[in-house]
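Read off the chains here:
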Amino acid sequence: MKEGQKPNRLINEKSPYLLQHAYNPIDWFSWGEEAFEKAKREDKPIFLSIGYSTCHWCHVMAHESFEDEEVAAILNEHYISIKVDREERPDVDHLYMTVCQAMTGQGGWPLTIIMTPDKKPFFAGTYYPKNRRYGRHGLMNILPQLAGKWKEDRERVVETSDQIVSDVEQRMLSNLKGEVSEQTLNQACAQFEEVFDPSFGGFGDAPKFPTSHNLSFLMRYYHRTGKESALQMVVKTLDAMQQGGVYDHIGFGFARYSVDEKWLVPHFEKMLYDNALLAWTYLEAFQLTGKTKYSRTAEEIFTYVLRDMTDPEGGFYSAEDADSEGQEGKFYVWKPEEILKVLGDEEGELYCDLYDITEEGNFEAHSIPNLILHDMEKYARLKGLSLDELTQTIERCRQTLFTYREQRVHPGKDDKVLTSWNGLMIMAMAKGYKVLERPQYLEAAARAARFIISKLRRRDGRLLARYRDGESAFAAYLDDYAFMVWGLIELYEASFELEFLKLAVELNEQMIELFWDEEHGGLFFYGSDSEQLFSRNKEIYDGALPSGNAVAAMNFLKLSKLTYNARLSQIAERQLQVFAGSIERYPTGHSMFLIALDYAYSPSSEIVIAGDPQSNTTAEMIAAAREGFRPHTLVFLVPSGEEGEKIREFLPLVQDKQAIGGRPTAYVCENFACYSPTTDLDEFKEALLP
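Report on the accompanying structure. Each chain carries its own residue numbering, running from 1 in the direction its sequence is written. Restriction of local features to residues with pLDDT of at least 70 applies here, the model being predicted, together with a cutoff of 80 or more for giving and counting side-chain atom pairs; totals for whole chains, interfaces and linings are based on all residues. To get the side-chain values, take all heavy atoms of the structure and skip hydrogens and water.

Observations regarding the pattern of salt bridges
Now for step 1: Just to be clear on terms, a salt bridge is a Lys or Arg side-chain nitrogen sitting within 4 Å of an Asp or Glu carboxyl oxygen. Using the criterion set out here, one finds 53 salt bridges in the structure.
Now for step 2: When the shortest N-O distance is used, the salt bridge between D529 and R462 registers 2.8 Å. Of the two residues, D529 sits in the loop between α20 (498-515) and α21 (548-563) while R462 sits in the loop between α18 (439-455) and β14 (464-468), which places them 67 residues apart along the sequence.
Now for step 3: Looking at R462, the relative accessible area reads 4%, which means it is buried.
Now for step 4: Linked by salt bridges that have partners in common, R9, D27, K38, E42 and K44 make up one network. Each helix corresponds to a stretch of at least 4 residues labelled H or I by DSSP, and each strand to a stretch of at least 2 residues labelled E; elements are numbered beginning at the N terminus. The buried label goes to any residue with under 20% of its type's maximum accessible area, the exposed label to any with over 50%, and the partly exposed label to all in between, with areas taken from a 1.4 Å probe on protein chains only.

Focus: the layout of surface pockets
A water-sized probe rolled over the atoms picks out the places where empty space is left.
Now for step 1: Lining residues are defined by having an atom within 4 Å of a point belonging to a cavity or pocket. Those points lie on a 1 Å grid over the protein atoms alone, cavities being sets where a 1.4 Å probe fits but cannot get out and pockets being open sets with protein on both sides within 12 Å along at least five of seven lines. Grid points are joined across faces, edges and corners, and a volume is the space filled by probe spheres set on the points. Taken as a whole, the second largest pocket spans an internal volume of roughly 740 Å³.
Now for step 2: Q242, K293, R296, L371 and M376 are, among the 25 residues lining the second largest pocket, the residues nearest its centre.
Now for step 3: Looking at the lining of the second largest pocket, the elements with two or more residues in it are α10 (228-243), α12 (292-308), α15 (376-382) and α16 (387-405).
Now for step 4: Gly is placed with the polar residues, together with every amino acid not listed as nonpolar (Ala, Val, Leu, Ile, Met, Phe, Trp, Tyr, Cys and Pro) or charged (Asp, Glu, Lys and Arg). Taken together, the residues of the lining of the second largest pocket break down into 11 nonpolar, six polar and eight charged.

Some thoughts on the environment of W150
Now for step 1: On the secondary structure map, W150 appears in helix α6 (residues 139-152).
Now for step 2: A relative accessible area of 4% means that W150 is categorised as buried.
Now for step 3: In this structure the C-alpha to C-alpha distance between W150 and Y355, which are 205 residues apart in sequence, comes to 56 Å.

Some words on unusual backbone geometry
Now for step 1: Between W109 and the following residue, P110, the backbone shows a cis peptide bond with an omega angle of 5°.
Now for step 2: Tracing the backbone through its elements, the reader meets P110 in the loop between α5 (90-104) and β4 (111-115).
Now for step 3: Cis geometry marks the peptide bond from A206 to P207; its omega dihedral reads -5°.
Now for step 4: Phi is positive for A365, which is not a glycine, with a value near 70°.
Now for step 5: Tracing the backbone through its elements, the reader meets A365 in the loop between α14 (345-354) and α15.
Now for step 6: Since its relative accessible area comes to 40%, A365 is described here as partly exposed.
Now for step 7: Unlike most non-glycine residues, E437 shows phi in positive territory, near 60°.
Now for step 8: With respect to the element layout, E437 can be found in the loop between α17 (419-436) and α18.

Focus: empty space enclosed by the protein
Now for step 1: A full pass over the atoms with the stated rule returns three cavities of 30 Å³ or more.
Now for step 2: Each pocket or cavity is described by its volume, and for the largest cavity that value is around 370 Å³.
Now for step 3: Around the largest cavity sit 25 residues that line it, and K431, K434, E490, K558 and R630 are the ones nearest its centre.
Now for step 4: Only α11 (272-289), α17, α19 (478-495), α21, α24 (591-601), α25 (616-626) and β17 (633-638) provide two or more residues apiece to the lining of the largest cavity.
Now for step 5: Split by residue class, the lining of the largest cavity holds 12 nonpolar, four polar and nine charged.
Now for step 6: The computed volume of the second largest cavity comes to approximately 120 Å³.
Now for step 7: If you go around the second largest cavity, you meet 17 residues; those closest to its centre are G245, Y247, D248, F268 and Y332.
Now for step 8: The residue inventory of the lining of the second largest cavity, partitioned by class, reads 11 nonpolar, three polar and three charged.

Concerning α12
Now for step 1: One less than the number of residues in a helix, times 1.5 Å, gives the span that helix is expected to have. For α12, built from 17 residues, the straight-helix expectation of 24 Å at 1.5 Å per residue is met to within 8% by its first-to-last C-alpha distance of 24 Å.
Now for step 2: Of all the positions in α12, only Y294, S295, T297, A298, E300, I301, F302, Y304, V305 and D308 are classed as buried.

Structural notes on a negative patch on the surface
Now for step 1: The grouping of E152, D153, E155 and E159 at the surface amounts to a negative patch.
Now for step 2: The residue D153 is located in the loop between α6 and α7 (154-173) in this model. Patch membership is restricted to residues that have no salt bridge and whose relative accessible area is over 30%. Joining uses 9 Å for like charges and 5 Å for the nonpolar side chains Val, Leu, Ile, Met, Phe, Trp and Tyr. Computed with the Shrake-Rupley method and a 1.4 Å probe, the accessible areas treat only the protein chains shown as cover for residues. Positive residues here are Lys and Arg, negative ones are Asp and Glu, while His and the chain termini are left out of the count. In this description, the location of a charge corresponds to atom NZ of lysine, CZ of arginine, CG of aspartate or CD of glutamate.

Some remarks on α6
Now for step 1: In this model α6 runs 19 Å from its N-terminal to its C-terminal C-alpha over 14 residues, within 8% of the 20 Å that 1.5 Å per residue would give.
Now for step 2: Listing the buried residues of α6 in full gives L139, I142, L143, L146, A147, G148 and W150.

Some details on the packing of helix α9 (residues 212-225) against α10
Now for step 1: The axes used here are C-alpha line fits, helices contributing only the stretch in contact, and every angle between their N-to-C directions lies in the interval 0 to 180 degrees. Relative to each other, α9 and α10 sit at 145°, their axes nearing to 8 Å. Helix-helix and strand crossings are classified by hand; for α9 and α10 the assignment is left-handed. For the pair α9 and α10, contact is made by L215, L218, M219, Y221 and Y222 and by E228, A230, L231, M233, V234, T237, L238 and M241, respectively.
Now for step 2: The residue inventory of the contact of α9 with α10, partitioned by class, reads 11 nonpolar, one polar and one charged. Rotating anticlockwise by less than a right angle from the far helix to the near helix defines a left-handed crossing, while the corresponding clockwise rotation defines a right-handed one. For this analysis, residues touch if any pair of their heavy atoms sits within 4.5 Å.

Here's the deal with the side chain of D239
Now for step 1: In this structure, D239 sits in helix α10.
Now for step 2: You can call D239 buried: its relative accessible area is 15%.
Now for step 3: Those residues in contact with D239, other than ones at most four positions away along the chain, are K293 and Y294.

Notes on the environment of L354
Now for step 1: Mapped onto the fold, L354 is located in helix α14.
Now for step 2: For L354, a relative accessible area of 1% corresponds to the buried category.
Now for step 3: Taking the C-alpha atoms as reference points, L354 and E42, 312 residues apart in sequence, are found 63 Å from one another.
Now for step 4: If near-sequence neighbours (up to four positions away) are discounted, L354 is found in contact with N370, L371, H374, M376, Y379 and I394.

Here's the deal with the packing of aromatic side chains
Now for step 1: Aromatic rings from Phe, Tyr and Trp, taking only the six-membered ring of Trp, are treated as a pair when their centres fall within 6.5 Å; an angle between ring planes under 30 degrees marks them as stacked, one over 60 as edge-to-face, and anything in between as tilted. This structure, assessed with the given rule, holds 32 aromatic pairs.
Now for step 2: Seen from their ring centres, W31 and Y96 are 6.2 Å apart, and the 55° between their planes marks the pair as tilted. One end of the pair, W31, is in the loop between β1 (28-30) and α2 (33-42); the other, Y96, is in helix α5, with 65 residues separating them in the sequence. You'll find W31 and Y96 in the same group, each marked buried.
Now for step 3: By way of ring pairs, the aromatic residues F192, F196, F203, F217 and Y221 are connected into one cluster.
Now for step 4: Directly above the ring of F29 sits R9, whose terminal nitrogen or CZ lies 3.6 Å from the centroid.
Now for step 5: Only Lys NZ and Arg CZ are tested; either one counts as a charge over a ring when it is within 6 Å of the ring centre and within 35 degrees of the ring normal. Just above the ring of W334 sits the side chain of R408; from NZ or CZ to the centre is 4.0 Å.

Things to note about the sheet that holds strand β15 (residues 471-475)
Strand pairing in a sheet takes place through backbone hydrogen bonds and is either antiparallel or parallel in direction.
Now for step 1: As summarised here, the arrangement of the three strands in space is β13-β14-β15, forming an open sheet in which the pairing is antiparallel. In this open sheet, the two edge strands, each paired with only one partner strand, are β13 (417-418) and β15.
Now for step 2: Taken together, the two bridges between β13 and β14 define a ladder with antiparallel strand orientation. Bridge pairing in β14 places V417 opposite Y467. Criterion used throughout: strands pair if DSSP finds at least two bridges between them.

Below you can see the structure in the form of structure tokens.
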């Protein structure tokens with residue numbers, strides 16, 4: 001903000017991204033009828049700019065162009081300008097990103113669209129500088145040219161926009177024919193092997209994204225087949241990501257992606273959803289391999305989230321910026337002299353050597369701490385130290401550096417609470433409690449769930465998508481419902497509190513009512529009661545986030561078994577078949593669907609423990625049931641007394657499961673048949689062996 005500068009109408013918004021543009025000289029509107037009516041009244045095209053608050057290139061375009069008086073003059077005279085936060089309006093973002101990809105073959109943020117007052121696009125792109133540079137057109141030549149076409153060749157512009165709309169509608173609503181089977185899982189693993197990077201882990205070339213759901217599928221595939229290469233891809237990638245600079249070795253948490261193939265240089269912003277999904281995957285890797293380095297990474301992610309990304313009332317914030325003081329990554333990088341000043345010569349030199357902090361640097365003359373060059377065990381031997389001695393020294397150094405780093409200017413924090421991303425972190429925290437038995441994770445998951453229900457649900461029960469600064473807004477999208485139901489199912493399995501399962505069932509039913517396509521099957525991205533855009537799409541491809549349709553399919557399968565609901569099982573089956581053609585043609589782009597498919601085709605097992613929750617034997621039975629990697633197992637607790645009766649009333653599976661002789665009793669059921677109940681802990685553990 002410049003001193004004395006007047007704000008535009010975005011000053012009244014809650015979105016941190018929109019507020020970043022509240023002092024631009026551009027006469028911005030937020031997405032709404034006021035803007036479209038003005039465009040029609042003044043016969044002007046619409047300049048639509050979509051981004052998010054922690055997006056580096058959004059900041060660059062803002063500084064170069066949206067703060068510029070010359071650019072503003074053209075936009076204010078010839079266009080109606082609209083700013084959209086993609087995280088508040090993913091429906092708008094998904095639609096116009098599809099337009100951009102269809103028109104240009106690529107996409108990204110900031111997303112730049114020019115369209116008619118009827119919301120029909122005729123130009124699309126991403127980042128544009130003010131003036132032409134590096135072979136990229138600049139806004140100063142694009143904007144006047146398109147404004148001229150709008151005035152002088154309107155018929156052709158409208159014809160172009162109508163054709164684009166028609167093409168996008170076909171692209172978004174086509175259901176490719178096909179059939180998925182267990183063979184699809186084999187095909188997917190083979191395709192992952194083809195694009196796997198054996199040197200540095202991950203899939204494909206730079207930039208590399210974590211896409212942890214790919215790894216979670218491969219763990220299930222290894223569990224199903226015993227194929228070592230599937231597990232090796234997981235281990236190599238998880239190790240490489242944690243060793244790289246994409247992981248914050250001082251304050252914990254993962255950045256959004258790596259710009260290079262080694263996972264060294266991150267795009268420094270940290271997103272809640274990445275850290276939720278990665279915590280889930282590292283926890284599963286610990287369950288599968290028993291390696292404590294994976295559980296430790298998950299715990300460190302949770303430390304970061306609970307410390308820096310949790311609202312005092314319990315919700316989880318959305319993201320932290322890549323930039324501070326106008327520079328990307330400045331908060332995270334170091335010079336050797338700074339490390340030596342903070343730690344002293346001896347420990348400072350050790351830390352610099354281990355974490356690749358050098359005079360020449362590995363990022364713009366500075367260094368990003370990383371462990372790519374060194375293995376801790378080998379390095380300890382090299383220095384004549386035990387692994388424990390080195391670990392304790394490095395942890396002491398880390399804490400000192402963290403305290404010092406806290407005095408720096410922090411990156412901006414996007415403190416809005418999104419229902420969808422909170423659902424993912426609730427899922428991860430609940431999983432963390434089940435695997436690691438840390439009560440603080442269960443408490444955080446339950447608090448966040450209650451925050452969402454109290455702050456982001458209308459009186460009629462309809463979920464909302466975003467909360468910030470006392471305001472809840474935007475009818476929730478498919479991802480909000482699907483991810484929240486996933487979180488609630490995990491929370492029930494962690495806490496055994498029936499309220500969470502009942503809520504999951506209720507929201508799942510509401511999701512079907514609002515989003516299900518009765519004619520063709522599948523779930524639309526926005527509800528029947530929401531603003532209807534020119535095309536109503538179904539998201540099925542897994543990007544950084546798994547698709548809502550795939551997560552919903554998994555939820556349907558689990559809830560059908562939890563509640564013995566045959567209708568949900570049928571819907572799940574249809575869900576998998578509706579998108580079979582897309583999955584079959586490109587299985588590696590649909591890894592969350594593959595996880596659902598694996599669940600559907602795998603032998604199921606249910607474990608019911610009936611007994612006093614306060615009993616040590618009950619607790620030991622629960623711990624045994626949760627030990628190891630059991631992705632197809634559901635665990636139930638049926639306590640004695642009134643609470644147990646409520647559970648029996650709601651869950652048909654446990655109706656006849658009682659504590660025998662008042663002693664904690666375990667029932668193990670596989671493929672719709674149950675073994676004899678047992679009150680003996682060792683006998684129960686033996687029944688759980690593969």
